[in-house]
Amino acid sequence: MHLNRLLGYAGRLALWLPAVSATVVVNETSGYILLANDRLVASVNKSIGAIDVLTLDGQDLLGSRSYIPNTPGGSSGNGQYGIGPYLDCYCVPSGTYTPGYLKAKYQVFQGVDVSNVAYGGLSMSETYPATGQVLEQFWFLREGETGLHTFSRIAYYNETTPFLRNLQEFRTLFRPNTPLWTHLITDDKIYAPLPVPNPATGNITKATTVQDATWYLGNRTDDPYVDNFSDYYTKYTFSAVWRDQTVHGLFADGSLSNDSSTFGAWLVMNTKDTYFGGPTHSDLVVDGIVYNYIVSNHHGDGTPNITHGMDRTFGPQYFHFNKGAAGGDWTALRNEALAFASPEWNADFYDSIAEHVPNYVPTSGRGAWKAKIQLPRGAKKALAVLAQNGVDYQDNVLDTEAYQYWADVSSCGSVQIGRVKAGTYRLTVYADGIFGDYVQDDIVVAAGETTDSGRIAWTAESAGTELWRIGTPDKAGGEWRHGDTPDTKHPAGVPEFRVYFGAYDFLDDFPEGVRFHVGASNEAEDWNYIHWSVFGGYANFRRPTQVEGHGEINNWTITFDLDSHELKDKTEATFTVQLAGAKTAMGNTDVFNASQPYSNLPFVVVVNGHELEPWVIPYDHSSSCGVRSGTVCYQVANKFTFPVALLSAGQDATNEIVLSLPHNATDYESALLPRSVYVQYDALRLEVQ
């Protein structure tokens, strides 16, 4: 540790030592605010608005503060490391911004909560001069806990400029600059040793940039990450879908700690109601940084607009830090954090500090909802969602006062959701194996009451007799080739879609294009996880020259046979296409660009040579999904109807449906990402009536 770092510690710890007998200490000077209990010490540097000293039982968790210049795919935000948790955003007219540098105001809090537990806290509030935006970060520490409860707020009151821009990113980060941390963990299935050196920190020794935030490390012969996990490293590999995500973070195996003890740094998603995008939202969680991605469009979800009157506080979320015995593994430390991953946990404490946190809804402003749902036959993993009334839950950014909730539906159909902010909601129920959703608007939840919707009968959508289906409707595109299939080249067996799209060559896998015969072909082998318009070129490490092809890339063919009785007395056919994601020329921006011919993407279906009316996927439903290691992104679907007379039945009568994207359809990419438009399939089926 550098001498000035030691001296800095000494000065700030001196604020704590005289009051060490106190349960929680809050001390403020002109330069720092120190927040501490008998185990955890955190100090906010008032010149930068961020924690830059954080210790647990004397162990430095952050390392020294440093600056790493922004590089393609590398450091983002203001480039500062050795800080956190702190607030960062993409929310000012110029783009990225980290508040705390421009005359920020601070307030400290101290008290005893309803459980007679002492707490301390502080807030940093900055008004961005050019726009008047208010950006605030709150940190709270309780007696007996080794973590920080965080809230983040953005407010905009400006009648002169009522529309500012979209809130493209809003996040809090724990961003260490120390070799202490040795492993990164998304959940109990996705985890890995950190690459050494980590190219995300700017050190690209034996690392080749292949795409935005993605590096090839296969030339390293002594890196445990490469030996165990993958030849590629990207923050997107470790992303997660919000539905079941609870705890993610960093682990220190003790090899570089003061006393060989193990340590953990975890983001506990104890509440999710102030996020956006519902349970299918997916985002970054850890890559050497522990993220709390409150708002983003990484995988194509919408982002709210910053307009006059917007005032939203996100949270609480909890950054938990813990210590384990020498030689222990990360599972015990993560399991400790898992105990806090419930909105019921510490609810009384949050009620106690509600007076300090603008917009936080205490228990008195919340109710509950329950129902008994008659599920369609074959439904699995059913989920009930309460979100903004009147719109698809994916679009709940349209109302910045709306909250969101979800819960699993039991096998017998029972479901209950607690701690729901009083209001009016849309209920959406979906399940694996079932096409379409159950939707009901105007579910009213009153404070202090339980709304009982009684018995709900969900009749699955149907357009007659199902002739066949391809894939499983589950709002994901993982059952295909290079989807959920484990990587066999490394012991970790990570699902292939997580690695890097360019690790798999579509033209080698499908030299004649995708030709899938219903009943004979294998979904996991004969159907690719991404349907490209072109392949190769920009951001493709293995195939750097773009190939447009002669229809074998952009056109996929389904063939199938039918018996005469299957079409008897039938007049109308319905072909349903559900997509787990679609990338138009707009990537994940949701901003129309008239200079791009495929901002709105036409998707064409041809049945036995007869072209149906195109489905135009709009620019604001676009996702940058598969290229960012995703199979669950913004969901879109369409039903194509056509006369049954277009189909053939009987011996030697094979039918053909062609799924067609525009030939040679590309876009401009400012980041190092593929330029091809593409779609990713959830499931398809053909019905007749």
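Residues numbered from 1 in each chain as written. Predicted model: local features only at pLDDT ≥ 70, side-chain atom pairs only at ≥ 80, totals over all residues. Heavy atoms only, no water.

Caption draft 1: Layout of the overall build of the chain. For the chain, the count of helices and strands is 7 helices and 45 strands. For the chain, whose C-alpha radius of gyration is 26 Å, the value lies close to the compact-globule estimate of 26 Å for 689 residues. Overall size of the chain, expressed as C-alpha extent along the three principal axes, is 90 × 60 × 55 Å. Residues counted as buried form 61% of the 689 residues belonging to the chain. A fraction of 71% describes how many contacts in the chain between residues 6 or more apart in sequence connect residues 24 or more apart. Of the roughly 25,500 Å² of accessible surface on the chain, a fraction of 48% belongs to carbon and sulfur atoms. Averaging the coordinates of the 46 positive side-chain charges in the chain and doing the same for the 76 negative ones gives two points 3 Å apart. (Helix = DSSP H or I, 4+ residues; strand = E, 2+ residues; numbered from the N terminus. Rg over C-alpha atoms; globule rule 2.2 N^0.38 Å. Buried < 20%, exposed > 50% of the residue type's maximum accessible area, 1.4 Å probe, protein only. Contact = heavy atoms within 4.5 Å. Areas by Shrake-Rupley, 256 points an atom, 1.4 Å probe, with all protein chains shown as cover. Lys, Arg positive; Asp, Glu negative; His and termini not counted. Charge placed at Lys NZ, Arg CZ, Asp CG, Glu CD.)

Caption draft 2: Region of interest: the state of the cysteines. For the structure on display, the rule yields 2 disulfides. Here C89 pairs with C91 through a disulfide, and the sulfurs are 2.0 Å apart. Its S-S torsion of approximately -40° makes the covalent link between C89 and C91 left-handed. We note that C89, like C91, is buried. Here the chain pairs its bonded cysteines, counted in sequence order, in the arrangement 1-2, 3-4. (Disulfide = S-S within 2.5 Å.)

Caption draft 3: Examining the side chain of Q59 more closely. Position of Q59 among the secondary structure elements: in strand β5 (residues 59-60). Relative accessible area serves as the criterion here: at 5%, Q59 is assigned to the buried category. Here N258 takes part through its backbone nitrogen, which lies 2.7 Å from a polar atom of the side chain of Q59. Setting aside residues no more than four positions away along its own chain, Q59 makes contact with L54, L180, S257, N258 and F263. (Polar contact = N/O pair within 3.5 Å; in protein donor to acceptor, adjacent residues only side chain to side chain.)

Caption draft 4: Geometry of the side chain of S660. Looking at the secondary structure, you find S660 in strand β44 (residues 654-660). There is a polar contact of 2.6 Å between the side chain of S660 and the side chain of N555. Those residues within four positions of S660 in sequence are excluded, and the remaining contacts are N554, N555, P602, F603 and V604.

Caption draft 5: A look at the sheet that holds strand β33 (residues 438-445). The sheet built from 4 strands is open, its strands ordered β30-β29-β32-β33 with antiparallel pairing. Bordering the open sheet on either side are β30 (405-408) and β33, each of which pairs with just one other strand. Strand-to-strand, the axes of this sheet are offset by a mean angle of 25°, without reference to chain direction. As paired elements, strand β32 (residues 423-432) and β33 share 6 bridges and run antiparallel to each other. Considered in β33, the bridge of Y425 is made with I443. (Pairing = 2+ DSSP bridges. Axes fitted to C-alpha atoms, helices over the stretch in contact; angles between N-to-C directions.)

Caption draft 6: Fine view of the pattern of salt bridges. Scanning the entire structure with this criterion turns up 29 salt bridges. K189 serves as the salt-bridge partner of D188, at 3.7 Å between the closest nitrogen and oxygen. When the shortest N-O distance is used, the salt bridge between E466 and R469 registers 2.8 Å. A relative accessible area of 31% places R469 in the partly exposed class. Overlapping salt bridges, with partners in common, bring together R39, D57, D259 and K323 in one network. (Salt bridge = Lys/Arg side-chain N within 4 Å of Asp/Glu carboxyl O.)

Caption draft 7: Seen up close, the confidence of the model for the chain. Predicted confidence across the chain gives a mean pLDDT of 95, with 96% of residues reaching 70 or more. In the model of the chain, helix α1 (residues 3-16) stands out as the element of lowest mean pLDDT, 52, in contrast to strand β23 (residues 262-268), which has the highest, 99. For the stretch residues 17-21, pLDDT sits under 50, and the model shows 1 contact to residues farther than four places along the chain or on other chains. (pLDDT = per-residue confidence, 0-100.)

Caption draft 8: Examining the sheet that holds strand β25 (residues 290-295) more closely. With antiparallel pairing, the 4 strands of this open sheet are ordered in space as β9-β8-β15-β25. The open sheet is flanked by β9 (95-97) and β25, the only strands paired with a single partner. When the angles between neighbouring strand axes are averaged without regard to direction, this sheet yields 20°. Sheet analysis places strand β8 (residues 83-92) next to strand β15 (residues 169-175), joined by 6 bridges and oriented antiparallel. Directly across from C89, in β15, lies its bridge partner F170.

Caption draft 9: Here's a closer look at the packing of aromatic side chains. Overall, the coordinates contain 50 aromatic pairs when judged by the stated rule. Look at Y191 and W330: their rings are 4.8 Å apart centre to centre, the planes differ by 55°, and that puts the pair in the tilted class. Taken together, the residues Y191 in strand β17 (residues 191-193) and W330 in helix α3 (residues 330-338) connect sequence positions 139 residues apart. For Y191, a relative accessible area of 36% corresponds to the partly exposed category. Geometrically, the ring pair formed by Y500 and F501 is edge-to-face, given 5.1 Å between the ring centres and 70° between the ring planes. (Phe/Tyr/Trp six-rings, centres within 6.5 Å; stacked < 30°, edge-to-face > 60°.)

Caption draft 10: Just the pairing of β8, in detail. Taking burial as the measure, the 10 residues of β8 include 9 buried ones, the bulk of the element. Summarising the sheet, β8 and β9 pair through 3 bridges and their orientation is antiparallel. Among the inter-strand pairings, C89 is bridged to a residue of β9, identified as Y97. Here β8 folds back onto β9 in antiparallel fashion, the turn holding 2 residues.

Caption draft 11: Local environment of the nonpolar core. Ranked by size, the top nonpolar core spans 138 residues in total, and within it F174, W527, I558, F575, F603, L659 and Y681 carry the most contacts. Of the residues forming this core, the biggest block, 6 residues, is contributed by strand β45 (residues 678-688). If you look at the next biggest cluster of nonpolar residues, it comprises 24 residues, including L386, Y403, V415 and I434. (Core = buried A, V, L, I, M, F, W, Y, C linked by side-chain atoms within 4.5 Å.)

Caption draft 12: Layout of the environment of G121. Within the fold, G121 resides in strand β11 (residues 118-127). Residue classification places G121 among the buried residues on the basis of a relative accessible area of 0%. Expressed as a C-alpha distance, the spacing of G121 and E461, which sit 340 residues apart in the sequence, is 51 Å. The residues touching G121, leaving out its near neighbours within four places in the chain, are V26, L35, Q107, V108, F109, W139 and F140.

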